Amino acid sequence: MKKTIVKAILGISFFFINLFVHAQSKQVEGTVKDENNLPLPGVNIRIKGTNAGTQSDFDGNFSIEAKDGQILIFSFVGTKTIEKLVGENQNYDVVMASDQASLEEVVIVGYGKKNKRNITGSVSSVETEQIESQPNTNVAQALRGRVAGVQFNDNGRPGQGGSILIRGQASLTAGNDPLIIVDGAFFYGELADINPNDIESMQVLKDASATAIYGSRASNGVILISTKTGVQGKPTIRLNVYSGISDYYDKVPLYGPEAYLQRRRDFNIQNANEGETPITDVERILDTETELEQYNAGKTIDPWEFIAQDAIQQSYNLSISGRMDNISYYLSGNLVKEEGLIYGDQSERISMRMNLENNITDWLKIGLNSSYTQRDLSGIPASLSSTYWLSPYAKVYDDNGDLLPYPTNDQLVTNPLFDASQRKNEEVSNNLFANIFAEINFPFLDGLSYSFNYNPNIQWDRDYTFIPIYIKNGINNTGAAGKTNENEFNWQIEHILKYAKNWGDHALDLTLLYGNNSSFYETTTAESSNFFTDVNGWNNLNIGEVQNSYSYAEGRTGTSEMGRLNYQYLDRYLVTLTMRRDGSSVFGTNNKYGIFPSMALGWIASEENFLNNVNEIDLLKFRLSFGQVGNQSIDPYSSLDRSAFDQYVFGDGSQTYTGSFPLSGNMPNPNLKWETSTSFNIAVDFTILDRRIDGTVEYYDTKTIDLLTARSIPVINGFSSVLTNIGELNNKGLEVSLSTINIDYPKSQFRWSSSIIFSTNKNKIVRLYGNDNNRDGIEDDDVSNRWFIGQPINSNFDYIFDGIYQEGDDIPEGYMPGWVKVKDINNDGSITPEDRTIISQGQPKYRLGLGNNFEYKNFSFSFFVNSAQGWEAPLNILDPSGYSGNSFPGRSVNMIDAGYWTPENQSNTRPSLNWTNPLGMSFYQSKDFIRLQDATLAYKFDSDFVNSLNMKNLKIYVSGRNLLIFTDWMGPDPESGYNNINNLYPSARTIVAGLDLSF
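Only a predicted model underlies this, so the values are computations on that prediction, with no experimental measurement involved. (Residues numbered from 1 in each chain as written. Predicted model: local features only at pLDDT ≥ 70, side-chain atom pairs only at ≥ 80, totals over all residues. Heavy atoms only, no water.)

Enquirer: Even after reading the chapter, I still don't get the overall build of the protein chain, so can you show me in this structure?
Expert: A tally of helices and strands in the protein chain yields ten helices and 46 strands. Relative to its length of 999 residues, the protein chain is compact, with a C-alpha radius of gyration of 34 Å against a globular reference of 30 Å. If you line up the protein chain on its principal axes, its C-alpha atoms span 140 × 75 × 65 Å. Burial statistics for the protein chain: of 999 residues in total, 47% are counted as buried. Restricting to contacts in the protein chain with at least 6 residues of sequence separation, those with at least 24 account for 69%. For the protein chain, the exposed surface amounts to about 46,700 Å²; the carbon and sulfur share of it is 53%. Treating the 80 positive side-chain charges of the protein chain as one cloud and the 118 negative ones as another, the clouds have centres 10 Å apart. (Helix = DSSP H or I, 4+ residues; strand = E, 2+ residues; numbered from the N terminus. Rg over C-alpha atoms; globule rule 2.2 N^0.38 Å. Buried < 20%, exposed > 50% of the residue type's maximum accessible area, 1.4 Å probe, protein only. Contact = heavy atoms within 4.5 Å. Areas by Shrake-Rupley, 256 points an atom, 1.4 Å probe, with all protein chains shown as cover. Lys, Arg positive; Asp, Glu negative; His and termini not counted. Charge placed at Lys NZ, Arg CZ, Asp CG, Glu CD.)

Enquirer: I'm lost on the pairing of strand S7 (residues 91-96) in this one. Help?
Expert: Looking down a regular strand, the side chains alternate between one sheet face and the other. Only one face of S7 is covered, namely the face carrying Tyr 92, Val 94 and Met 96; the face carrying Asn 91, Asp 93 and Val 95 is uncovered. Pairing between strand S1 (residues 25-34) and S7: six bridges, direction parallel. Bridging across to S7, Gly 30 finds its partner in Tyr 92. (Pairing = 2+ DSSP bridges.)

Enquirer: Sorry if this is basic, but what is going on with the pairing of strand S15 (residues 199-205) here?
Expert: Counting buried positions over the seven residues of S15 gives six, a clear majority of the element. Sheet topology note: the strand S10 (residues 123-126)/S15 ladder contains four bridges and is antiparallel. Counterpart to Ser 125 in the pairing with S15 is Gln 203.

Enquirer: Looking at this structure, I do not really get the sheet that holds strand S2 (residues 44-47). What am I missing?
Expert: Within a sheet, each strand pairs with its neighbour through backbone hydrogen bonds, oriented either parallel or antiparallel. Strand order across the open sheet formed by four strands is S3-S2-S5-S6, with antiparallel pairing between neighbours. At either end of the open sheet lies a strand with only one pairing partner, and these are strand S3 (53-55) and strand S6 (82-85). Strand-to-strand twist across the sheet, computed as the mean angle between neighbouring axes with direction ignored, equals 20°. Across four bridges, the pairing between S2 and strand S5 (residues 71-75) is antiparallel. Its bridge partner lying in S5, Ile 45 is registered against Phe 74. (Axes fitted to C-alpha atoms, helices over the stretch in contact; angles between N-to-C directions.)

Enquirer: What's the story with helix H3 (residues 257-271) in this structure? I'm lost.
Expert: Because an α-helix completes one turn every 3.6 residues, residues spaced three or four positions apart along the sequence face the same direction. Taking 1.5 Å per residue as the helical rise, H3 with its 15 residues ought to reach 21 Å, and the 22 Å between its terminal C-alpha atoms agrees with that figure. Here H3 has its buried residues at Tyr 260, Leu 261, Arg 263, Arg 264, Asp 266, Phe 267 and Gln 270. Packing partners of the buried residues in H3 comprise helix H4 (282-285) and helix H5 (289-296). (Expected span 1.5 Å × (residues − 1).)

Enquirer: Before we go on, may I ask you to explain the nonpolar core in this structure?
Expert: In summary, soluble globular proteins display a tendency toward joint burial of nonpolar side chains. Val 252, Trp 304, Phe 306, Ile 307, Tyr 388 and Ile 877 are the most contacted members of the largest nonpolar core, which totals 54 residues. Within the residue set of this core, elements represented by two or more residues are H3, helix H6 (303-306), helix H7 (384-389) and strand S38 (820-822). Discounting residues that sit within four places of it in the chain, Val 252 has contacts with Trp 304, Tyr 388, Ile 877, Ile 896, Met 970, Gly 971, Pro 972 and Leu 984. Core analysis: the second largest hydrophobic core is formed by 22 residues, Ala 142, Val 147, Val 204 and Ile 223 among them. (Core = buried A, V, L, I, M, F, W, Y, C linked by side-chain atoms within 4.5 Å.)

Enquirer: Is there a simple way to explain unusual backbone geometry in this structure?
Expert: Excluding glycine, most residues fall at negative phi; most peptide bonds, likewise, are trans. Within the chain, Leu 689 stands out as a residue other than glycine whose phi angle is a positive 55°. Within the secondary structure layout, Leu 689 lies in the loop between strand S32 (675-688) and strand S33 (693-712). A relative accessible area of 43% places Leu 689 in the partly exposed class. With a phi close to 55°, Asp 690 is a non-glycine residue in the positive phi region. Tracing the chain through its elements places Asp 690 in the loop between S32 and S33.

Enquirer: Is there a simple way to explain H5 in this structure?
Expert: Within H5, the full set of buried residues consists of Thr 290, Glu 291 and Gln 294. One side of H5 holds all its buried residues, which, seen down the axis, span an arc of 100°. Projecting away from the buried face of H5 at angles above 90 degrees are the exposed residues Glu 289 and Asn 296. Tucked into the core, H5 has its buried residues touching H3. Count one or two residues on from H5 and you reach Gly 298, which has phi positive near 70°. (Arc of directions from axis to C-beta.)

Enquirer: Please explain the packing of aromatic side chains as it appears in this structure.
Expert: The geometry of an aromatic ring pair is captured by the separation of the ring centres together with the interplanar angle, meaning the angle of the planes. Here the structure, examined in full by the defined rule, presents 28 aromatic pairs. Geometrically, the ring pair formed by Phe 418 and Tyr 470 is edge-to-face, given 5.2 Å between the ring centres and 80° between the ring planes. Note that Phe 418 is positioned in helix H8 (residues 418-422) and Tyr 470 in strand S23 (residues 448-472), a separation of 52 residues in sequence. An aromatic cluster of three or more residues is present, and its members are Phe 859, Tyr 939, Phe 941 and Phe 945. Over the ring of Tyr 464 we find Lys 483; its NZ or CZ atom is 4.7 Å from the centre of that ring. Over the face of the ring belonging to Tyr 593 we find Arg 581, whose NZ or CZ atom lies 4.0 Å from the ring centre. (Phe/Tyr/Trp six-rings, centres within 6.5 Å; stacked < 30°, edge-to-face > 60°. Lys NZ or Arg CZ within 6 Å of the ring centre and 35° of its normal.)

Enquirer: Is there a simple way to explain the environment of Ile 778 in this structure?
Expert: As for its position among the elements, Ile 778 is in the loop between strand S35 (750-767) and strand S36 (795-798). Take Ile 778: its relative accessible area is 56%, and that puts it in the exposed class. In the structure, Ile 778 is positioned 475 residues away from Pro 303 in sequence and 52 Å away in space, judged by C-alpha atoms.

Enquirer: How do you make sense of a nonpolar patch on the surface when you look at a structure like this?
Expert: Together, Leu 497, Leu 510, Leu 512, Leu 565, Leu 577, Met 599, Leu 601, Leu 624, Ile 682, Val 697, Tyr 699 and Leu 734 line one region of the surface with nonpolar side chains, adding up to about 860 Å² of accessible area. When contributions to the nonpolar patch are tallied by element, the ones reaching two or more residues are strand S25 (506-529), strand S28 (593-604) and S33. Locating Leu 734 in the fold gives a position in strand S34 (residues 721-745). Overall, Leu 734 belongs to the partly exposed group, its relative accessible area being 32%. (Patch = residues over 30% accessible without salt bridge, like charges linked within 9 Å, V, L, I, M, F, W, Y side chains within 5 Å. Salt bridge = Lys/Arg side-chain N within 4 Å of Asp/Glu carboxyl O.)

Enquirer: Can you walk me through the sheet that holds S1 in this structure?
Expert: Read from one edge to the other, the open sheet built from three strands follows the order S4-S1-S7, with strand pairing classed as mixed. Looking at the sheet topology across the chains shown, the edges are occupied by strand S4 (61-67) and S7. Between one strand axis and the next, the sheet turns through 35° on average, direction left out of account.

Enquirer: Would you explain the side chain of Thr 576 in this entry?
Expert: Relative to the helices and strands, Thr 576 is located in strand S27 (residues 573-584). Engagement of the side chain of Thr 576 in a polar contact is seen with the side chain of Thr 120, the distance being 2.8 Å. Looking at Thr 576, its side chain comes within polar contact range of the side chain of Asn 566, at 2.7 Å. For Thr 576, the contacting residues outside a window of four places in its chain are Thr 120, Ser 209, Arg 564, Leu 565, Asn 566, Ser 598, Met 599 and Ala 600. (Polar contact = N/O pair within 3.5 Å; in protein donor to acceptor, adjacent residues only side chain to side chain.)

Enquirer: Quick question: what am I supposed to make of the environment of Pro 443 here?
Expert: Position of Pro 443 among the secondary structure elements: in the loop between strand S22 (424-441) and S23. Under the relative-accessibility criterion, Pro 443 is labelled exposed at 63%.

Enquirer: It is not clear to me how the pattern of salt bridges should be interpreted in this structure. Could you clarify?
Expert: Side chains carrying opposite charge are able to pair once their charged atoms draw close together. Under the defined criterion, the tally for this structure stands at 37 salt bridges. Note that Lys 365 and Glu 357 form a salt bridge whose closest N and O atoms lie 3.8 Å from each other. Overall, Lys 365 belongs to the partly exposed group, its relative accessible area being 22%. Glu 608 is paired through a salt bridge with Arg 572; the nearest N and O atoms lie 3.2 Å apart. Of the two residues, Glu 608 is situated in the loop between S28 and helix H9 (609-612) and Arg 572 in the loop between strand S26 (546-569) and S27; the sequence distance between them amounts to 36 residues. As far as burial versus exposure is concerned, Glu 608 and Arg 572 are alike and both buried. A cluster of three or more residues bridged by salt bridges with shared partners is formed by Arg 167, Lys 206, Lys 621, Arg 623, Asp 685, Glu 698 and Glu 735.

Printed below as a string of structure tokens:
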């Protein structure tokens, strides 16, 4: 008995001694290397079953406190995960073996993540790493030419958003903007509100299978953005700053002093009556006192240089990220200052982000992704129309150095800087965005999870303008001011239930969703004029003699249900089925809801036995999808009978009455319904030659019906138009994306990789109203809107330019040498409106992008060439006649220096200065271009040097944008769409130098 008791006591003692020994933490150290015995930095080392962890440094070394019996998990992208048991050994040398399966890219899809290998829809990823080393202040600039099927037109102005089209224009008059999703939530602001440095990944969903999960909002494609989160290990502080300057790359050429005088001479010669001596001497050509005074004094002016400003570009970005215990965090702040090329054109953006995620338990996670952005576009830019017209002999300052309101005596042109310097403007927009989420992984059923998302988005803007009292130099302003305040609140709530299960050769995951959304917008404007004092600016509008106020508000609501099933068999046969039902308040009473199904099939042929042993093929996958999405991008209340209000006075002495009346332009339509796009997509994805070549070839065919369009109706109905569903559009296209590793020599540390992006889109109107008024058996076109059956939406319809009438030609009556000749396409012997035809299209027939990246030791150099071909646009500043309203060749104004016909220089492309444009035709130019869009040279310092500074990373870089462009387009940048005197913003070339460091 005693022996038994002693043994028990000894056993218990040894148990507690052993427990005490094993409970003591110790320092575990080691080195992590790859299969080539090279150190691996950034390897995650985590203690299994806990959130404690660290990362290997730049030399692959690590150190962590652990207890005997615990397991260390080593994980790194592209390698197999390794587990090590902590025991007597305190030093570990770990070799991470490559894992081909883990090398597969993981991309964000609707409501989840997926291995790219198993995706069945059309999803394109955007290389975001280079964004941080380029002067991209707008996220959309990263899409420019880099994603097949995506067209981004940057307007080149600071702080502006530009426009995006995904796979062509899919609607006549409803919205064509893609849906933006940030961290799984609908983003109601602009892409210019998002800090590019915060982006972790960005995907573009293009076909119906990929977009149908977002239903009614996804008819124009989806841009998915995921922002950065904290990683395991101690906090990481990162600073990325750059500064640089922009200058004129291209601007509309204007006449210089001598050419300006010659143009005035030639105009007088061409307009002189027979037997009349034309005016050619300078004293009479310059028919304004001001111009002659400047000419005699030898003073001239360059209009573009007169309005130019130092266009400084600056960006400062600071972020802190990390993980402690169960909480991961990412905090960032960003300040961007951009100055445009012309005086008063500028912007400033301040943005802040806070992403938090807390693992409350093993099965419950909550988090917050939030951002605040303020964009300041205050200021009044110089007048571009006045700049275009500014005579090289204009006098812009008086003798005291003050700006003159009129630079010439005839007062046809105002001083381009006068309003910009005299008036004040404050234009500030604010965007507060958040996604509050919770995720439950039910412990009682493996694979079952529930997520809740609440997404509030608040925007508030102000736009204030003040015109001071000014009595000088022939100007008498009595003062005016106005204040506009806008507020918008959007929210979205979603409940998401997911279930994933693998058994044997089968795998499936099911996603169910129910959600509601709401949007409310209001605006108020107050205006006042005729001040007796202007000391308070816009802050005391009640002192004005004349006052006006306006207000408006609108709201919309929606509801959504969605189900998606992904199924895999033998890891090679893939099926995706999606069904979404959406309801929107903007539609008629009888058609509030729309149902949008889709199906996609995938076959990974390279997993089949007959290809499995073909070493040259790493991946060969075929995809096929078919589905529908809807478009609800119309104004609220468009289906309802709406009224307007006005005030009336009945006779002398009557009080003022307010009355309402129906808006004659909008007939109610209770049957107004969804615009629906049905898309077919077929594609092949391939990776060959040991992953040296990776590519996708894709063909799509999209039909859009029930187009939301305002249709004219007989006014006998009491209305002039009704918003209804009509017609059909079609978009077809081919997309090719190819990335290659051309040279990879690890020993010499040299690598050269390339990317090629090609896309083409054929847009066509298939049907419109179904009318055949001339009974020729062919549906009538809508000539007034320039919509033609069988032609692209954006078509150029006009007379065909056929050269210039020369001396000795058979010239029609009323015409003369130097006038434009057009083709008689119906050969009836006369030029009539029936001779107009489709001459070109306004969107490019195809786009091509080519990128190259070179890496040698610590240096890297990349450049990207972007091109668009097969499109034209009218450039009516080429029209010297008064018809265009752009040119006054006989007045003291400037014009585009594009040449003109004279008897001595008988041009066959440009008319004479006395041409009157009797047919009202336009001048078209090709917008084809090849652009060296981006180039970046960077140097990343050695890890030994960086470690000696107690830092993690240090990189310096120089980057340029819009460095070269080859085009025949004589207007501003051919992508911008600018083609009239009010928006001739010059093209900018930008070069910056930057520093990227972390510690």
